[in-house]
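Chain by chain, the residues run as shown.
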Amino acid sequence: MQPENPEPYSAPAQAVWPAAAIPGRPGAHLRAAQADGADPRPSGGADARSADEAEAPSGLEEIPDAEPTHGSKLLDELRAQIAQFVIPPSPEALDAITLWVAATHLQPAWQHAPRLAVVGPAKRCGKSRLLDVLTETVHEPMLTINTTPAAIFRSITEENPPTLLVDEADTIFGTPKMAEKNEEMRGLLNAGHQRNRYVTRVVGNDHTPHRFATFAMAAIAGIGDLPDTVMDRAIVIRMRRRAEGEKVKPFRSRRDIPALHELRDRIHAWAQPLLDEAANLEPDMPVEDRAADTWEPLVIVADLAGGRWPRLARVACARMVAAEEAAEEDHPSGARILADIRRVFVAQREVDSLSTEELLHHLRQDPEAPWAEWGRGGLNARELGRMLSAYEIKSGNVRMADRTQRKGYMRNKFLDAWRRYCPAVHPVDADTTHGED
């Protein structure tokens, strides 16, 4: 069974979506008008929308759906199979998992190999069960439990890469000491996100240098977030423990694996003739930069399948990327300090500058921020300077209202960083710059 009334995954993005892209052939699904405005997504179950759930990003839900195809029916079937065994955090997450599985069967076509980061705050959130289902549906699964990085990259071929499946990643990256010990594994996962990134090792008795491929799609499951560099290359599925009343079908190898393998083989047979077409498609994306690189294979699979999947893929992409951007802004090691300083300047009516002492005072006053308990006595001037130096922002002499000078920060020094790293927090535009350089 699938969950009833799932909670929303994220707040909507604000991007405006242009005309829909290719569902297998250019413009085909644009000619198929959606009859009477009906939404072909099944009602109830994992697709039921709670009353307070945010609307889809502007324009994305209006992408017209084409008639169902063989490919779209395969994706529908795969989606239903996955939903029997796990309860993802949202319908969009279930759509993303489905498309990611299908994309593993077209790996030679991709420029980037998206990671699937299956993370949760505690045990028993369904992470390992999802990995069980992925193992039986992805292309050439390669479990990496206690596997060395050397063994992994020696198992990757450029012509037919496997799909890496890493469980209990918290035992690899869970503490700084563990992460330092497993730095080579992190480097392998980062390098393998993009084609033509190799590792060089000497082989044989004569120590001949040899290049090994790293490009392969990977699903990585663990408690807590993965390293930032891995998360930045991943489609993030934030699993939750099942609530009372949410039920799933127990996974039984003897009973369930044959059906999953049969579906896997049919998806592979559908995908293989589309390799060249997949490699040449450049779909319109609702996101940019690395997020677009990571999601592009999933959107291409959706466009090749047609039906409702071009719309579902783009809605999932926009919502889930927006959710991760918001989470990054809230993380102290990310752009949280910039976002909180932005809020301070807004609360102080966009003054031109604040002394370091004033800025620290306001930061430490926020009961929901980490700055009052940062370090031994709260965030101090030296630590603030260190954090801001990463964004090329430095303190200097600023003139106060009483015409005295103190060490502090000028608002105009933050404008570029605010636009780049926390645009969702009181967006900075031409009307709020006061003509500053």
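Since the structure is predicted, the reported quantities are computational estimates derived from the model, not experimental observations.

Definitions and limits used
Residues numbered from 1 in each chain as written. Predicted model: local features only at pLDDT ≥ 70, side-chain atom pairs only at ≥ 80, totals over all residues. Heavy atoms only, no water. Axes fitted to C-alpha atoms, helices over the stretch in contact; angles between N-to-C directions. Helix = DSSP H or I, 4+ residues; strand = E, 2+ residues; numbered from the N terminus. Left-handed = near helix turned anticlockwise from the far one by under 90°. Contact = heavy atoms within 4.5 Å. Pairing = 2+ DSSP bridges. Buried < 20%, exposed > 50% of the residue type's maximum accessible area, 1.4 Å probe, protein only. Polar contact = N/O pair within 3.5 Å; in protein donor to acceptor, adjacent residues only side chain to side chain.

Chemist: Break down the packing of helix α2 (residues 91-103) against helix α3 (residues 127-137) for me, with residues and values.
Modeler: The N-to-C vectors of α2 and α3 enclose an angle of 35°; their axes lie 10 Å apart at closest approach. In this structure, α2 crosses over α3, and the sense of that crossing is right-handed. From α2, I97, W100 and V101 reach across to α3, where they touch L130, L134 and T137.

Chemist: Describe the side chain of H193, and please don't skip the residues or the numbers.
Modeler: Position of H193 relative to the elements: it lies in the loop between α7 (183-191) and β4 (198-203). Residue contacts for H193: discarding those within four places in its chain leaves Q111, H112, A113, P114, R115, F215, R233, R290 and T294.

Chemist: Account for the sheet that holds strand β8 (residues 353-355), with residues named and values stated.
Modeler: Ordered in space as β8-β10-β9, the three strands form an open sheet in which the pairing is antiparallel. The open sheet has two edge strands with one neighbour each: β8 and β9 (396-399). Across the sheet, the mean angle separating the axes of adjacent strands is 65° when strand polarity is ignored. Bridging between β9 and strand β10 (residues 405-410) involves four bridges; their strand directions are antiparallel. Residue R399 lies in a different strand from β10, and its bridge partner there is Q405. Across the sheet, helix α14 (residues 356-365) lies against β8 and β10, angled at about 85° from β8, the strand it touches most.

Chemist: Give a detailed account of the side chain of E350, specifying residues and quantitative values.
Modeler: Mapped onto the elements, E350 comes out in the loop between α13 (336-347) and β8. Here E350 falls in the buried class, since its relative accessible area comes to 17%. Here the side chain of E350 touches R342 through a polar contact of 3.1 Å, side chain to side chain.

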